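# Summary of structural features
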Amino acid sequence: MNEFDLGRFEEEAQEQWMHAFESNPSNLEKFYLTVAYPYPSGAMHVGHGRTYIVPDVIARFWRMRGKQVLYPMAFHVTGAPVIGISKRIAKKDPKTIHLYRDLYKVPQKVLDEFVDPLTIVRHFASEYQRVMTACGISIDWRRRFTTVDPTYSKFIEWQWKHLYDAGHVIKGVHPVRYCTVDDNPVGDHDLLEGDKAEVIKFTLVMFRYGDTFIPTATLRPETIHGVTNLWANPGITYVRALVDGTPWIISKDAAEKLALQDHIVEIQNEIAGRDLIDKIVSHPLCGKVPVLPADFVDPDVGSGLVMSVPAHAPFDYVALRDLQHAGRYTNIRPVPLIKVEGYGKIPAQDAVERTGITSQMDSCMDTLTQEIYSAEFSKGRLFEKYGGKPVRVARDEIAALMVEQYNSKIMYEFDTHPVVCRCGNKVKVKILHDQWFLKYSDPAWKKQVSDHLGDMALIPQEVRLEFERTIDWLKDWACTRRVGLGTRFPWDTTQLIEPLSDSTIYMAYYTIAHRIKEIEPSLLTPEVFDYIFLGKESVDLPEKKKLETMRKEFLFWYPYNYRFSAKDLISNHLTFQLFHHVTIFPKDKLPLGMVVFGMGLLNGAKMSSSKGNVFLLEDAVSEFGADTVRMFLMGSAEPWQDFDWRNELVISTKKQIERFYNTVLEIKDAKGEPDDIDRWLISRLQSHIDRTTAALTNFQTRQALQEAYFGIETDLKWYRRRLPDDCDGSRELHTLCSAWVRLLAPFIPFTGEYLWKQLAGEGLVSFAPWPVAERGLVNTRIELAEELLARTVEDIESIEKLIQIIPKSITISLAPAWKHEIFLAIAKADDRNTVIREIMKNDAMRKRGKEATDAAKQCTTLIHRLPPHVVEPLTQERVNEMAVFKAAKGFLEKEFGVPVHITEAESSEHPKAATALPFKPAIIIE
RNA sequence: GCGAGGGUAGCCAAGCCAGGUCAAAGGCGCUAGGUUGAGGGCCUAGUCUCGUAGGAGUUCUUGGGUUCGAAUCCCAUCCCUCGCACCA
């Protein structure tokens, strides 16, 4: 009947927990924690499991410590990904179907409905709730909501009104990756290729050719002074086009691109590349230069024409050299304009010759270009005649000058090619208008956030720097979208609020989520929320009674104590939510702390649904049991470290729970009279309680398990070893079991509830009082005695192993009192270098001569070797070694199977006896 | 490339911030012995090298440095993880 059966424990506990974790304001002190809510577009895997179990363990811990704990959950449904997913399912994309049908095990009937994106998130949201419940996560589900609920949208509108009023919402233009076939911006998940491509700002340097401009796109406008020629590809076709009414010559691709970047482009006629060769063009900053032929010029990069600076660009240098080797254009000389440490007068020439590159098609060309580019940017200086400024300064100045005075324009381009949309089309850069931004670049706003960050608790400490850097680095955030699910943007209802921007203060919404549902959404004006969250009275507030209740609830819970999330959200969500909080809430309602998690691995490889490298949480629970999954996830690494799920290790975790279970049932009813060894066990228990409590207070779940599980288990092993044969232990074991079960309950609550009942504990263990260490039960004397005994046993064992004789007897010979004096003097000494001299000043010691100095040296070594938690109490309390060993004589004889004699070293003839030291008796095996 | 974090015995992982107490906790795996109805479970011991007395030697990515003394501090090096923005 008492068979270990996690499934049964789970069933029984679930029944009792039904509404147990619904939490309301009370007289208790509150503890409010939240986790980043999930975007339920797929099934939960064990990585998600940890994300929600860590806070649960913390929640359960504080609940047992008598706090009013709130742990709510909701679902983030805003955004575009599910739209793409439903489209792909509608199109019967085999990969997507495989993922959802085979990996996530969605029944065909449900899958058919996934052509509606909302169905996907609804389905998985309820799956999440079901699996989280199965894991024993103690959530108050009454507060569940999704981010597309009309009520929530009202809340978001209120939030944005405040952001807007504070001047943080601004309108602007923004270059984005754009697919002209889909007619939409493309996110990373929409890309087939080039998901690392960045949009870079090029300057178009406008060369004049008659009445026409020939623009060249460059990242290095400052090198204009060194231009010796342009490059055109003779093998391609260019176009002459009117760009904003002015004639330009550019590649066809460039014409299309410019049309997306705020230019009106009318193509007039085509021009063969070869017809441009040898034409003379000019620019005010470099004069007249010819157009030369080059095959490396790509029509799909920039304007399709390139300005050539052979002194500083390896490509240009080699291309020119090749032509000159063929005897052409031999009058052109590279014109240097930048001096840079480590290179000669003409850096490009220098670098090319050093590496021995012979062809412009050499693959090293790119690295070489990068090398020169970096060197000149970081250390280069323009020649005096060009102003003498560092490159990094001159570059921006010259670019600005060109735009102002020399007709230059900005052109956006990707840094890598190609960039391809899922639809197969090439992605281009488009400038979006009416794009709204959150002005995270605002230094005043940044300062508010970083000031508050200084007051926050951050776990682990190492992330503080990362937060600081993030605040520093954040630029304006495009906060509206054209596609996806979400709340309409109030100042342009054709757009939606971007998903990361509608999820920054919802922790406040949880406090009222279950009550606000009772109010008709249309009544939820900004004034209503102003009242609930800011206490601002206004006339005609609807449902005043309900609002008052909500106001009270908000005041009770807020601010939240801790926000939990994986570390990948530091650079956006976790920092954003601080920005929003400082704007909307008063100082006393600002977040108190954050806990940042590491990532999850599966068998050493990164977990990834798209690669199929996942282990579903539900499968883990049914295969190993919820408690096993929990204990494994909490014990294999601290929350902020990466963890690795390996089935073999999980199996052994299950065995550990079973061992714990069996042990408790075995010993809980022991009836013996308590003895010294019981006092030892209980004394040790006090420090395990202290250390487990401290660890959990610091969110160290692994450390806590080490103490609460292995610490106590190890003690029990020694305890049982020390018991006489005919004894099963004392009734103190019941006390130990009671504390032990409670210490482990946050980790393995299902087994915990079952055992708690077996121990006749009151109510649910989930709400049982957390054990508190009692100073009065700590017995240093007995702990020291056991320590001495255990160390001696270890010594005897290691000697027996070495000497390979069959022992007939063991003699333990104890150090004399004068050695204790020396030991004590050294242990207490502040300066261990001079203490020996001090000791030898004593007449009695001096009489012993070398014997005493030797003993002092040995004591010093010994004291260094003993752990401080042993040495420290030894200076307070002298262990009566004779009494300890006499009492343990029976035990030792049982252990080693030979007669054991205890003697005073001073009265022994054996030469070994002289080696006896305090806390390390001489051992003579014969 | 930039920003942050990290590399410890077969594996996971503590220690590092506050240098000596470190051959380095704990867990897993493995080996041996015990218990047991082979097995499993449980208990005990071992698990860098050497050692017929509880000890010694060489280790903490690699290479330097500081120090009487470094896994711990400094510099460099190689490798790994996360983030780098319109994406949840």
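Look above for the structure.
The rules behind these values
- Residues numbered from 1 in each chain as written.
- Chains lettered and ligands numbered in written order.
- Predicted model: local features only at pLDDT ≥ 70, side-chain atom pairs only at ≥ 80, totals over all residues.
- Heavy atoms only, no water.
- Helix = DSSP H or I, 4+ residues; strand = E, 2+ residues; numbered from the N terminus.
- Rg over C-alpha atoms; globule rule 2.2 N^0.38 Å.
- Buried < 20%, exposed > 50% of the residue type's maximum accessible area, 1.4 Å probe, protein only.
- 1 Å grid on protein atoms, 1.4 Å probe; cavity = no way out; pocket = protein on both sides within 12 Å on 5 of 7 lines; lining within 4 Å.
- Points joined across faces, edges and corners; volume = space filled by probe spheres on them.
- Core = buried A, V, L, I, M, F, W, Y, C linked by side-chain atoms within 4.5 Å.
- Contact = heavy atoms within 4.5 Å.
- Salt bridge = Lys/Arg side-chain N within 4 Å of Asp/Glu carboxyl O.
- Pairing = 2+ DSSP bridges.
- Axes fitted to C-alpha atoms, helices over the stretch in contact; angles between N-to-C directions.
- Nonpolar A, V, L, I, M, F, W, Y, C, P; charged D, E, K, R; others polar.
- Patch = residues over 30% accessible without salt bridge, like charges linked within 9 Å, V, L, I, M, F, W, Y side chains within 5 Å.
- Areas by Shrake-Rupley, 256 points an atom, 1.4 Å probe, with all protein chains shown as cover.
- Lys, Arg positive; Asp, Glu negative; His and termini not counted.
- Charge placed at Lys NZ, Arg CZ, Asp CG, Glu CD.
- Parallel < 35°, antiparallel > 145°, perpendicular 65-115°, else oblique.
- Near = heavy atom within 4 Å.
- Polar contact = N/O pair within 3.5 Å; in protein donor to acceptor, adjacent residues only side chain to side chain.
- Right-handed = clockwise from strand over helix to strand, strands pointing away.
- Phe/Tyr/Trp six-rings, centres within 6.5 Å; stacked < 30°, edge-to-face > 60°.
- Lys NZ or Arg CZ within 6 Å of the ring centre and 35° of its normal.

### A few points about the overall build of chain A
From N to C terminus, chain A includes 34 helices and 32 strands. Relative to a compact globule of 926 residues, whose C-alpha radius of gyration would be 29 Å, chain A shows 38 Å and is clearly more extended. For chain A, the spread of C-alpha atoms along the principal axes amounts to about 115 × 80 × 55 Å. Across the 926 residues in chain A, those meeting the buried criterion constitute 54%.

### Side note on empty space enclosed by the protein
Summed over the entire model, instances satisfying the criterion amount to one cavity of 30 Å³ or more. Its boundaries defined by the atoms lining it, the largest cavity holds a volume of some 110 Å³. Taken together, Lys 257, Asp 300, Tyr 412, Glu 413, Phe 414, His 417, Pro 418, Val 419, Lys 426, Val 427, Lys 428 and Val 429 make up the full set of residues lining the largest cavity. Those elements that provide at least two residues to the lining of the largest cavity are strand E17 (409-414) and strand E19 (428-438).

### Concerning the nonpolar core
In this structure, Tyr 100, Phe 564 and Trp 645 are the most contacted members of the largest nonpolar core, which totals 162 residues. Tallying contributions element by element places helix H2 (residues 46-64) first for this core, with 10 residues. Residues within four places of Trp 645 in sequence aside, it is in contact with Val 46, Leu 601, Leu 602, Asn 603, Phe 615, Ala 620, Phe 624, Val 629, Phe 632, Leu 633 and Val 650. Counting 62 residues, the second-largest nonpolar core is a separate cluster that includes Val 169, Tyr 440, Leu 474 and Leu 547.

### Brief notes about the pattern of salt bridges
Counted under the stated rule, the structure contains 50 salt bridges. Across the salt bridge formed by Glu 256 and Lys 428, the nearest N and O atoms sit 3.4 Å from each other. Linking Glu 256 in helix H8 (residues 252-259) with Lys 428 in strand E19, this pair joins segments that are 172 residues apart in sequence. On the basis of relative accessible area, Glu 256 is assigned to the partly exposed category, the value being 46%. In this structure, Glu 413 engages Lys 257 in a salt bridge whose closest nitrogen and oxygen atoms are separated by 2.6 Å.

### Details of the environment of Ile 712
You can see Ile 712 is positioned in helix H24 (residues 701-722). The exposure class assigned to Ile 712 is buried, which follows from its relative accessible area of 1%. As for Ile 712 and Asn 698, which are separated by 14 residues in sequence, their C-alpha atoms are 20 Å apart. Apart from the residues within four sequence positions on either side, Ile 712 is in contact with Leu 685, His 688, Glu 707, Leu 736, Trp 740 and Leu 743.

### Observations regarding the sheet that holds strand E31 (residues 900-904)
The three strands are arranged E31-E30-E32 in an open sheet whose pairing can be described as mixed. Single-partner strands in this sheet number two, and they are E31 and strand E32 (922-925). Strand-to-strand twist of the sheet, defined as the mean angle between neighbouring strand axes without regard to direction, takes the value 20°. Pairing of strand E30 (residues 810-814) with E31 involves five bridges; the strand directions are parallel. Directly across from Ile 812, in E31, lies its bridge partner Ile 902. Taken strand by strand, helix H27 (residues 780-803) contacts E30 and E32, and its axis lies near 40° from that of E32.

### Digging into unusual backbone geometry
Look at the link from Ile 459 to Pro 460: it is a cis peptide, with omega at -10°. Within the fold, Pro 460 resides in the loop between strand E20 (457-459) and helix H14 (463-473). Residue Pro 559 is reached from Tyr 558 by a cis peptide bond, and omega for that bond is 0°. Here Pro 559 lies in the loop between helix H18 (544-557) and strand E25 (562-566). Its identity is not glycine, yet Asp 434 carries a phi of approximately 55°, on the positive side. Within the secondary structure, Asp 434 is located in strand E19. Unusually for a residue other than glycine, Asp 540 sits at a positive phi of about 65°.

### A word on the layout of surface pockets
In this structure, the second largest pocket spans a volume of roughly 1,100 Å³. Forming the walls of the second largest pocket are 31 residues, and the residues nearest its centre are Phe 202, Leu 219, Val 301, Phe 315 and Thr 369. Broken down by element, the lining of the second largest pocket gets its largest block of residues, five residues, from helix H11 (residues 364-379). Per-class residue counts for the lining of the second largest pocket are 17 nonpolar, nine polar and five charged.

### Some points on the pairing of strand E8 (residues 229-232)
By the alternation rule, side chains of E8 split into Asn 229 and Trp 231 and Leu 230 and Ala 232, which are all buried. Where E8 lies against strand E14 (residues 305-308), four bridges are found, and the strand directions are antiparallel. The residue bridging Asn 229 from the neighbouring strand is Ser 308, located in E14. Two elements, E8 and strand E13 (residues 287-293), share three bridges in a ladder whose sense is parallel. Each bridged residue has a counterpart across the sheet, and for Leu 230 the counterpart in E13 is Val 291.

### Comments concerning the sheet that holds strand E22 (residues 480-481)
Ordered by their spatial adjacency, three strands build an open sheet running E22-E24-E23, and the pairing between neighbours is antiparallel. Both edges of this open sheet fall to E22 and strand E23 (488-489), since each of them pairs with a single strand only. Alignment of E22 against strand E24 (residues 492-497), held across two bridges, turns out to be antiparallel. The residue bridging Arg 481 from the neighbouring strand is Leu 496, located in E24.

### Points about a negative patch on the surface
Judged by side-chain charge, Glu 3, Asp 5, Glu 11, Glu 15 and Glu 658 come together as a negatively charged surface patch. Among the structural elements, Glu 658 can be located in helix H22 (residues 647-667).

### Some details on the packing of H11 against helix H12 (residues 391-405)
The geometry of H11 relative to H12 is characterised by a closest axis approach of 6 Å and an angle of 95° between their N-to-C directions. With respect to their mutual orientation, H11 and H12 come out roughly perpendicular. Packed against H11, whose contacting residues are Tyr 373, Glu 376, Phe 377 and Ser 378, the element H12 presents Val 391, Arg 392 and Arg 395 at the interface. Looking at side-chain class alone, the contact of H11 with H12 contains three nonpolar, one polar and three charged residues.

### Re the protein's contact with RNA strand B
Taken together, 64 residues sit near RNA strand B, with Tyr 39, Gly 187, Arg 481, Asn 572 and Gln 641 positioned nearest. Backbone atoms, meaning sugar and phosphate, make up 65% of the atoms of RNA strand B lying within 4 Å of the protein. Within the side chain of Arg 702, an N or O atom sits 2.4 Å from a sugar or linking oxygen of RNA strand B. A distance of 3.3 Å separates a sugar or linking oxygen of RNA strand B from a polar atom in the side chain of Lys 912. Of all the secondary-structure elements, those providing two or more residues to the surface near RNA strand B are strand E3 (169-179), H14, strand E21 (477-478), H22, H24, H27, helix H31 (850-865) and E32. The residue makeup of the surface near RNA strand B, split by class, is 26 nonpolar, 16 polar and 22 charged.

### Remarks on the pairing of strand E26 (residues 593-597)
Here E26 lies mainly inside the structure; five of its five residues are buried. As paired strands, E20 and E26 are joined by three bridges and run parallel to one another. Counted as the bridge partner of Ile 459 is Val 595 from E26. Here E25 pairs with E26 via four bridges, running parallel. Bridging from a neighbouring strand, Phe 564 pairs with Val 595 of E26. A crossover links E25 with its parallel partner E26, the connecting element being helix H19 (residues 573-584), and its sense is right-handed.

### Some points on the packing of aromatic side chains
The way to describe two aromatic rings as a pair is by their centre distance and the angle between their planes. Counting across every chain of the model gives 64 aromatic pairs. Ring geometry for Trp 436 against Phe 489: centres 4.9 Å apart, planes inclined by 50°, an arrangement best described as tilted. Linking Trp 436 in strand E19 with Phe 489 in strand E23, this pair joins segments that are 53 residues apart in sequence. Each of the two residues, Trp 436 as well as Phe 489, counts as buried. The ring of Trp 17 carries the charged tip of Arg 60 above its face, separated from the ring centre by 4.5 Å.

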